[in-house]
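Secondary and tertiary structure notes
Each chain, written out:
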Amino acid sequence: MFDEEPMMGLEEDDEELDIYAALGLNAPVEPNTPSNTSPSGFHIDPTDPLAAFMDDDEDETEEPLMFGQMSSPSVPVEELLAVLVKDTLNDGAIRDTLPSDSIRVDLDSTLVQKDRDAYHLSLIIDMGGEQIKPFATVRASGDTWAPMQPPKGLHQGWLPLYHSLAKALTNALMQQGRPSSL
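Here goes a summary of the coordinates provided. This structure is a prediction, so every number in the text was calculated from the model and none was measured.

Now for the overall build of the protein. Counting secondary structure elements, the protein contains four helices and five strands. In sequence order, the secondary structure elements of the protein are arranged as α-α-α-β-β-β-β-β-α. Residues counted as buried form 25% of the 182 residues belonging to the protein. Long-range contacts, defined as pairs at least 24 residues apart, comprise 45% of the intrachain contacts of the protein with a sequence gap of at least 6. When the accessible surface of the protein is split by element, carbon and sulfur atoms take 53% of a total near 13800 Å².

Okay, helix H4 (residues 159-176) next. Given a rise of 1.5 Å per residue, 18 residues ought to cover 26 Å, and the 26 Å separating the end C-alpha atoms of H4 matches this to within 8%. By the burial criterion, the buried members of H4 are Leu-159, Leu-161, Tyr-162, Ser-164, Leu-165, Ala-166, Ala-168, Leu-169, Thr-170, Ala-172 and Leu-173. Close packing links the buried residues of H4 with helix H3 (77-90), strand S1 (103-115), strand S2 (118-127), strand S4 (135-141) and strand S5 (144-147). Phi turns positive, to about 140 degrees, at Gly-177, one or two residues after H4.

Okay, the environment of Gln-113 next. Inspection of the secondary structure puts Gln-113 in strand S1. We classify Gln-113 as partly exposed; its relative accessible area is 43%. Along the chain, Gln-113 and Val-77 lie 36 residues apart, while their C-alpha atoms are 9.3 Å from each other. If we skip the residues at most four places from it in the chain, Gln-113 touches Glu-78, Ala-118, Tyr-119 and His-120.

This part takes up the packing of aromatic side chains. Applying the stated criterion across every chain yields a total of two aromatic pairs. Considering the side-chain rings of Tyr-119 and Trp-145, the 5.7 Å spacing of their centres and the 70 degrees angle between planes classify their relative orientation as edge-to-face. With Tyr-119 in strand S2 and Trp-145 in strand S5, the pair connects residues that are 26 residues apart, well separated along the chain.

Here we take up the pairing of S4. Pairing of S2 with S4 involves five bridges; the strand directions are antiparallel. For His-120, the partnering residue across the bridge sits in S4 and is Thr-137. As judged from the four bridges shared by S4 and S5, these two strands associate in the antiparallel manner. Bridge pairing in S5 places Ser-141 opposite Thr-144. Hairpin connection between S4 and S5: a loop of two residues separates the two successive antiparallel strands, and Gly-142 in this loop has a positive phi of roughly 70 degrees.

This brings us to the pairing of S2. For S2, a buried count of seven out of ten residues is recorded, marking the element as mostly surrounded by other parts of the structure. Sheet analysis places S1 next to S2, joined by nine bridges and oriented antiparallel. Within S2, the residue paired with Lys-114 across the bridge is Tyr-119. A loop of two residues connects S1 with S2, the two strands running antiparallel in sequence, and Arg-116 in this loop sits at a positive phi of about 55 degrees.

Rules of the game
- Residues numbered from 1 in each chain as written.
- Predicted model: local features only at pLDDT ≥ 70, side-chain atom pairs only at ≥ 80, totals over all residues.
- Heavy atoms only, no water.
- Helix = DSSP H or I, 4+ residues; strand = E, 2+ residues; numbered from the N terminus.
- Buried < 20%, exposed > 50% of the residue type's maximum accessible area, 1.4 Å probe, protein only.
- Contact = heavy atoms within 4.5 Å.
- Areas by Shrake-Rupley, 256 points an atom, 1.4 Å probe, with all protein chains shown as cover.
- Expected span 1.5 Å × (residues − 1).
- Phe/Tyr/Trp six-rings, centres within 6.5 Å; stacked < 30°, edge-to-face > 60°.
- Pairing = 2+ DSSP bridges.

Here you go:
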């Protein structure tokens, strides 16, 4: 009834399939040389590119930053300005300019945006559950920075805050350089 011959195309192997050979790779070898052992004690096959890549990560050590050196040279100027403004406003300068003691300033919301030759500073102020976003604008004027006048119609109680924000932004811009350098 049944033939004892194997089916065409299928061969019976008593050997185990070598997965490495099937993938075109060399099988890992267990050499006794210490040069193929990573610092963590694991064996590293020198012919395995992934193992070599992983071992390279372990060997790298981060260089300490030098004084005045930034960790990321691509930090946008606006983010640096926001940090400088927060430092200026954090020392209590803004508290005296608020029209009421019940107002809370969210310095973490400080945002600086560039618009052609001007920079706009805004942040969020919480007035008993209602949030408002005061702002100030500083424009390049020749080789210096000049705060723009507050918007017409701004209530007198908010003028000190506007001037405080404008002053903080102007100081931050001056620390970063002249208008032509930004």
